[in-house]
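# Structural characterization, general
In case you want the letters, here they are:
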Amino acid sequence: MQDPVTLTVKNGIATVLIDNPPVNALGHQVRVGLRDAAARIGDDTQIRAAVIMGRSRFSAGADIREFGSDIAGPSHSEVFNQIEGLMKPVVAAIDVTALGGGAELAMACHYRIATPTARIGFPEVKLGILPGAGGTQRLPRLIGAEAALDMMLSGKPITAAKALELGLVDKLSGDADLLAQALRLATEMMNFDSPLPRSSTRDARIKEDRADKELFARIRSRNARAMRHLLAPEAIIRCVEAAVTLPFEEGVRVEKAESGRLMASDQAKALSHVFFAMRQTAKIPDVPAHTPVKPINSVGVIGAGTMGGGIAMNFANVGIPVTMVEVKAEALDRGLSVIIRNYENTAAKGKLTQEQVDRRLSAITGTLAMDDLAHCDLIIEAVFESMEIKEQVFSQLDRIAKPGAVLASNTSFLDIDHIAGFTKRPDDVLGLHFFSPANVMPLLEVVRGEQTSNTVLATAMKLSRQIGKTPVLARVCDGFIANRLMLPYLVNAQEMLVEGTSMEEIDAAMTDYGFAMGPISLLDLVGLDVVTFPGEIKLTEELVKQERRGQKLNGGFYDYDDRRRATPSPAALAVIDDVRQRRGIRGDRRRQPEEIVTGLLYPVINEGAQTLDEGIALRSGDIDVTAILGYNWPDFTGGPMCWADQHGLARIVDGLKKMGHTPAPLLTRLAREGGSFSG
Ligand code: CAA
């Protein structure tokens, strides 16, 4: 392996290059290389200044793979302090991204120059940790506490122009070569006879912050909602309070203590699991990375309903022309006008220009003729969920579609192999299951039929990224991964209602766990007419008979006022009572929040274990990503399977037995062996 850090000297200036693909993470070898480079810069009398830069990008920060184990020295902060302490000017030349530890490294340099397209950010909060190498102490000293907290609490990177405005960088490189400009700056500075500006000793900004007595109360109240459940944001605020009130070294001690606590937390472990799980899902062991893909330059969508329209928008958004087919002119017109309204609403919020709206709309063509799909590289069917209708559509598609076209069904539960059997080209058929609203939800379940070819799968995985979705591979079964997983959750929530736990108690227990809304509110939001449940639970059916379809029509379990505030609906309470009477249930079983959480989540884990054991999902991380992106499962728990690992599998097995459920064989085995889903 070549050296991840090299140092070359020309005209008295050392250029230190970090070259650690793919993202120049600051792993052990890089830290050793930077430490040695700093020592050489300090010792070598030929060197009068230095530039630190990265190949292809500055740096994406700490190597997240090192988390969870003892991190070998030198630590990030030792290296950064050593660089800041040099008596010769050091310039950070920032290209593409300086994130997390990468941005901390840049702040430890005496000067920062960035390309106009570079982005600088502190995404640690998204990993449940904080910038723990002096970052919480240096950043407020450079840009003030409020701007520093905005960056560190949101985790969002800022543009180079914004960084310049805030004082996080000193200069933009313009169109000229970054290294040449950085060398010029280093030359200027080595001939400039004044003390080197060190971020750790600046205090003008924090003196101003000290005078603002309401600052931290204001920030806590502004971020209260986003901070709920999370450990890292409060820890970050405490560190910045320390930066404002204490000398640098003491602030660093506070940072170290907070950082250590976060690093050891379940939340940090869960969030770094999610980081890697999100990047794993597109990798299919028996579909090699170099598998050729089919070019997708035109897409057909069958059905202009809510799903069809949303699906079409995904492709129009990235400039791929879409032909959308409907049977009747009114349905097509309605579908097209919903799309127009959607884009106009986005433009009204300032998120799209009129020109972008026009370009996207012009990419979508409506038609009543299936034959117009003959030229499409990919055709996605999004019609009514009935096998008879799918048969009509796919046998027709088999005649119309050009050879090699990819044929996909958006079905959320029907058998893809059966559907593929309606064509003479089952290897070109797969499921592409979008989640509603299809233009917004970030998950795409890619359903692999028995005969789906590797090329078609690789094409779907690539295309998914192109339209900004995270793909998860599923095998054929009723409900695939997402809906199969969450069915027990929604069924058991209703069973609890019938047994006597109130809807507010059920919803509150789950929002306290971390969901944005509880299961009963979720049913109302999704629409009671679009869900069906097996067994004796007929609450939603009964409510629909009364024309109560959820938030969209007449309310559902809850009534909603014009500000969408919910109160339990007397009509729904009467339906629940009626079901109780018919089933001979007393309805006096109240539950404590903990019992609601375990009663709803243990069966989900059990279903997840079964899904994994049957090979429907490839990895437990895929199930976690599916739940997080498809059902807004709180990411800081790591998703259901990661949460189960942390919660204790033996505990879950016992709990399931007490609830009268049979634990899945895989779950039982792992619990017995002391294993975990994540291996
Ligand atoms: N550590 C280890 N691996 C990393 C990494 C990191 N910081 N960042 C990215 N990778 C890996 C990914 O896992 C992926 O690996 P595979 O190819 O094996 O799947 C590969 O690099 C490419 O990553 P992406 O697919 O995400 O590439 P992208 O071009 O879409 O995005 C990126 C690039 C914007 C840098 C993105 O990877 C990213 O946001 N990375 C994380 C940045 C981050 O959170 N940094 C803070 C770390 S914590 C810290 O620095 C704390 C401290 O105080 C020192």
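Scroll up to find the structure.
First, a word on scope: everything that follows refers to the structure included in this document. All figures in this text were calculated on a predicted structure; none of them were measured in a lab. (Residues numbered from 1 in each chain as written. Predicted model: local features only at pLDDT ≥ 70, side-chain atom pairs only at ≥ 80, totals over all residues. Heavy atoms only, no water.)

Glancing now at the sheet that holds strand β14 (residues 406-409). Think of a sheet as strands paired side by side through backbone hydrogen bonds, with each pair either parallel or antiparallel. Pairing within the open sheet is mixed, and its eight strands lie in the order β12-β11-β10-β13-β14-β15-β16-β17. What marks the edges here is a single partner per strand, and that holds for β12 (364-367) and β17 (470-475). On average, each strand axis in the sheet is inclined to that of its neighbour by 25°, with strand direction left out of account. Bridge count between strand β10 (residues 299-302) and strand β13 (residues 378-381): four bridges; the pairing is parallel. The residue of β13 that forms the bridge with Val301 is Ile380. Along the sheet, helix α17 (residues 387-400) contacts β10, β13, β14 and β15 (429-434); its crossing angle with β14, the most-contacted strand, is approximately 175°. (Pairing = 2+ DSSP bridges. Helix = DSSP H or I, 4+ residues; strand = E, 2+ residues; numbered from the N terminus. Axes fitted to C-alpha atoms, helices over the stretch in contact; angles between N-to-C directions. Contact = heavy atoms within 4.5 Å.)

This part covers the packing of helix α20 (residues 482-499) against helix α24 (residues 570-583). Here α20 crosses α24 at 80°, and the two axes come no closer than 9 Å. It follows that α20 is roughly perpendicular to α24 by the angle criterion. For the pair α20 and α24, contact is made by Glu495, Leu497 and Val498 and by Ile576, Val579, Arg580 and Arg583, respectively. Here the residues of the contact of α20 with α24 are counted per class, giving four nonpolar, no polar and three charged. (Parallel < 35°, antiparallel > 145°, perpendicular 65-115°, else oblique. Nonpolar A, V, L, I, M, F, W, Y, C, P; charged D, E, K, R; others polar.)

Bringing the packing of aromatic side chains into the picture now. Overall, the coordinates contain eight aromatic pairs when judged by the stated rule. Centre to centre, the rings of Phe515 and Trp633 are 5.1 Å apart; their planes meet at 65°, and the pair counts as edge-to-face. With a gap of 118 residues between them, Phe515 in the loop between α21 (503-513) and α22 (519-526) and Trp633 in the loop between α26 (620-631) and α27 (640-647) connect regions that are remote in the sequence. The same class applies to Phe515 as to Trp633, namely buried. We note Arg279 situated over the ring of Phe275; from NZ or CZ to the ring centre the distance is 3.7 Å. (Phe/Tyr/Trp six-rings, centres within 6.5 Å; stacked < 30°, edge-to-face > 60°. Buried < 20%, exposed > 50% of the residue type's maximum accessible area, 1.4 Å probe, protein only. Lys NZ or Arg CZ within 6 Å of the ring centre and 35° of its normal.)

To continue, consider helix α19 (residues 454-466). Under the 1.5 Å per step criterion, the end-to-end length of α19 is 18 Å for 13 residues, consistent within 8% with the ideal 18 Å. Buried within α19 are the following residues: Val456, Leu457, Ala458, Thr459, Ala460, Met461, Leu463 and Ser464. Looking at the packing, one finds that the buried side of α19 touches α14 (306-317), β13, β14, β15, β16 (443-448) and β17. Downstream of α19 by one or two residues, Gly468 has phi in the positive range, about 80°. (Expected span 1.5 Å × (residues − 1).)

With that settled, the discussion passes to the site of the ligand. Around the ligand, the surrounding shell holds 27 residues, and the nearest of these are Ala60, Ala62, Gly101, Arg279 and Lys283. Ala62 is positioned such that a nitrogen or oxygen atom in its backbone is 2.8 Å from a nitrogen atom of the ligand. In isolation the ligand offers 990 Å² of accessible surface; the protein chains occlude 71% of this area. Of all the secondary-structure elements, those providing two or more residues to the shell around the ligand are α3 (101-108) and α13 (266-280). Among the elements that take part in the shell around the ligand, α13 stands out by supplying three residues, more than any other. Across the shell around the ligand, the residue classes tally to 16 nonpolar, five polar and six charged. (Near = heavy atom within 4 Å. Polar contact = N/O pair within 3.5 Å; in protein donor to acceptor, adjacent residues only side chain to side chain. Areas by Shrake-Rupley, 256 points an atom, 1.4 Å probe, with all protein chains shown as cover.)

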